Amino acid sequence: MTIIWILLALLLVLILWTQLEQRILTSKKYTIESNTVGKDLHGLSFLLLSDIHNKSFGKNNRRLIKRIIEQKPDFVIIAGDMVVKRKPCYPGKAYSLIKEISEHYPIYYAYGNHEQYFEDLALKDAENIKQRSLYESWCLYKEKLNELGVFLLDNNNVMLKYKDNSIDIAGLSISVDFYENSKIALNKKDEITSKIGKRSKEGYQILIAHNPIYFSDYVHWGADLVLSGHIHGGLIRIPFLGGLISPQVKLFPKYDAGLFEEDSCRMVVSRGLGNHSIMPRILNPPELVHIKLLTKAD
């Protein structure tokens, strides 16, 4: 009987810690040094936001906004899932957060699977009143973001010039099929090139691709740096082993969080800032990612 009470007490402590941990805001910094980073890009830095799912850190996200401003980035990149599917996008916490950030920094926003859900509603012709309402809210959300000057990178790109050097930022949107069935290969369908064309012929190429499991395909396409999220750090992080499970219920996902390298390409996978539905976060506090680019010395 004593053992049972001890186990129940430990379970209660774990539940309480999990709730407390989700309020902790951590920062992770990565330095990307490469000979493909031009001299005029040396020292350029930006923040990566991913998978916030309408969460708020403090009233009106003041804690998160304060942390972003303290980092003094040159711009902000969003790697998808700011919103939650099946819930209205506008008005909402995600929009309010982006509005506040846009007053300080340029924002480049690519879609995750939750944004893609709303896009797909148009293809389904919004089967019922609720779906039509959700789609209208999504359209209004995008319209308001455009008014703020946010760059929505839905299978398109933007070129940033810094004197004699440049950065091309491309955002890849893929159908929900590629999230639900990881056995579908992007390259076999030539999915990336058909959607966003070939990589830029000049400059440093950043690809925002929400789903990291296709890293090899992104490398084949020609990205210099891939920015992803989606896996939520593996939900439950086990010391020395990493993330336990992906949102698609795959054990020990290969690309759970952190910095990965293949050939000359790097990929940064954010653990994300929020959560949705009943998915837990254990030993896995929310993460704001800071990335600095450096020119590699010859």
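Look up: the structure comes first, before these words.
If you're wondering where the values come from, they're calculated on a predicted model, not measured in any experiment.

Observations regarding the overall build of the protein chain
A count of helical and extended segments in the protein chain gives eight helices and 14 strands. The proportion of buried residues among the 298 residues of the protein chain is 53%. For the protein chain, the share of sequence-separated contacts (at least 6 apart) that also reach a separation of at least 24 residues comes to 71%. Summed over all atoms, the accessible surface of the protein chain reaches about 14700 Å², with 55% contributed by carbon and sulfur.

Observations regarding the pattern of salt bridges
If the charged atoms of two oppositely charged side chains come close together, the side chains can form a pair. If you walk through the whole model with that rule in mind, you get ten salt bridges. Of the charged contacts, one joins Lys-161 and Glu-202 as a salt bridge, the two residues approaching to 3.7 Å between their closest N and O atoms. Note that Lys-161 is positioned in strand β6 (residues 156–162) and Glu-202 in the loop between α7 (191–196) and β8 (204–209), a separation of 41 residues in sequence. Relative accessible area serves as the criterion here: at 53%, Lys-161 is assigned to the exposed category. Note on Glu-202: relative accessible area 45%, which makes it partly exposed.

Regarding the sheet that holds β8
Pairing in this open sheet of six strands is mixed, and the strands run β6-β7-β8-β9-β13-β12 from one edge to the other. Looking along the sheet, the strands with just one partner apiece sit at the ends: β6 and β12 (258–262). Direction aside, neighbouring strands of the sheet carry axes that sit 20° apart on average. Where β8 lies against strand β9 (residues 225–228), three bridges are found, and the strand directions are parallel. Pairing of Leu-207 across the sheet is with Val-226, part of β9.

With respect to the pairing of β9
Residues of β9 alternate between two faces, with Leu-225 and Leu-227 on one and Val-226 and Ser-228 on the opposite face, all of them buried. Following the backbone out of β8, through helix α8 (residues 215–221) and into the adjacent parallel β9, one traces a crossover that is right-handed. Alignment of β9 against strand β13 (residues 265–269), held across four bridges, turns out to be parallel. Directly across from Leu-225, in β13, lies its bridge partner Arg-266.

Comments concerning the pairing of β12
Note: β12 against β13, five bridges, orientation antiparallel. Directly across from Phe-260, in β13, lies its bridge partner Met-267. The hairpin turn running from β12 into β13, its antiparallel successor, is two residues long, and Asp-263 in that turn takes a positive phi close to 55°.

Some thoughts on the packing of aromatic side chains
Following the criterion strictly, the structure yields twelve aromatic pairs and no others. Ring geometry for Tyr-109 versus Tyr-111: centroids 6.2 Å apart, planes at 85°, classification edge-to-face. Taken individually, Tyr-109 and Tyr-111 each receive the classification buried, so the pair is uniform in this respect.

Examining a nonpolar patch on the surface
On the surface, Leu-241, Leu-251 and Phe-252 cluster together into a nonpolar patch covering about 340 Å² of accessible area. Secondary-structure assignment places Leu-241 in the loop between β10 (237–238) and β11 (242–243).

Brief notes about helix α3 (residues 93–102)
A turn of α-helix holds 3.6 residues, and therefore any two residues three or four places apart point the same way. The buried count for α3 comes to seven of ten residues, which makes it a mostly enclosed element. Regarding α3, the residues found buried are Ala-94, Tyr-95, Leu-97, Ile-98, Glu-100, Ile-101 and Ser-102.

Focus on the packing of helix α2 (residues 62–71) against α3
Taken N-terminus to C-terminus, the directions of α2 and α3 make an angle of 30°; their axes are 11 Å apart at the nearest point. Relative to α3, α2 is oriented roughly parallel. With respect to the hand of their crossing, α2 and α3 are arranged in right-handed fashion. Facing α2, whose interface residues are Arg-62, Leu-64, Ile-65 and Ile-68, α3 presents Leu-97, Glu-100 and Ile-101. The class makeup of the residues in the contact of α2 with α3 is five nonpolar, no polar and two charged.

Quick look at the nonpolar core
One finds Leu-64, Met-82, Ile-98, Tyr-109 and Tyr-141 to be the most contacted residues of the largest nonpolar core, which totals 33 residues. At the level of secondary structure, the elements contributing two or more residues to this core comprise β2 (45–49), α2, β3 (75–78), α3, β4 (107–109), α4 (113–123) and α5 (129–148). The biggest single contributor to this core is α3, with five residues. Every residue in contact with Tyr-141, bar those within four places of it in the chain, is listed here: Met-82, Val-83, Cys-89, Tyr-90, Ala-94, Tyr-95, Ile-98 and Tyr-109. By size, the runner-up hydrophobic cluster in this structure holds 26 residues, among which are Leu-44, Ile-77, Tyr-108 and Tyr-204.

Here is what the cut-offs are and how they apply
Residues numbered from 1 in each chain as written. Predicted model: local features only at pLDDT ≥ 70, side-chain atom pairs only at ≥ 80, totals over all residues. Heavy atoms only, no water. Helix = DSSP H or I, 4+ residues; strand = E, 2+ residues; numbered from the N terminus. Buried < 20%, exposed > 50% of the residue type's maximum accessible area, 1.4 Å probe, protein only. Contact = heavy atoms within 4.5 Å. Areas by Shrake-Rupley, 256 points an atom, 1.4 Å probe, with all protein chains shown as cover. Salt bridge = Lys/Arg side-chain N within 4 Å of Asp/Glu carboxyl O. Pairing = 2+ DSSP bridges. Axes fitted to C-alpha atoms, helices over the stretch in contact; angles between N-to-C directions. Right-handed = clockwise from strand over helix to strand, strands pointing away. Phe/Tyr/Trp six-rings, centres within 6.5 Å; stacked < 30°, edge-to-face > 60°. Patch = residues over 30% accessible without salt bridge, like charges linked within 9 Å, V, L, I, M, F, W, Y side chains within 5 Å. Parallel < 35°, antiparallel > 145°, perpendicular 65-115°, else oblique. Left-handed = near helix turned anticlockwise from the far one by under 90°. Nonpolar A, V, L, I, M, F, W, Y, C, P; charged D, E, K, R; others polar. Core = buried A, V, L, I, M, F, W, Y, C linked by side-chain atoms within 4.5 Å.

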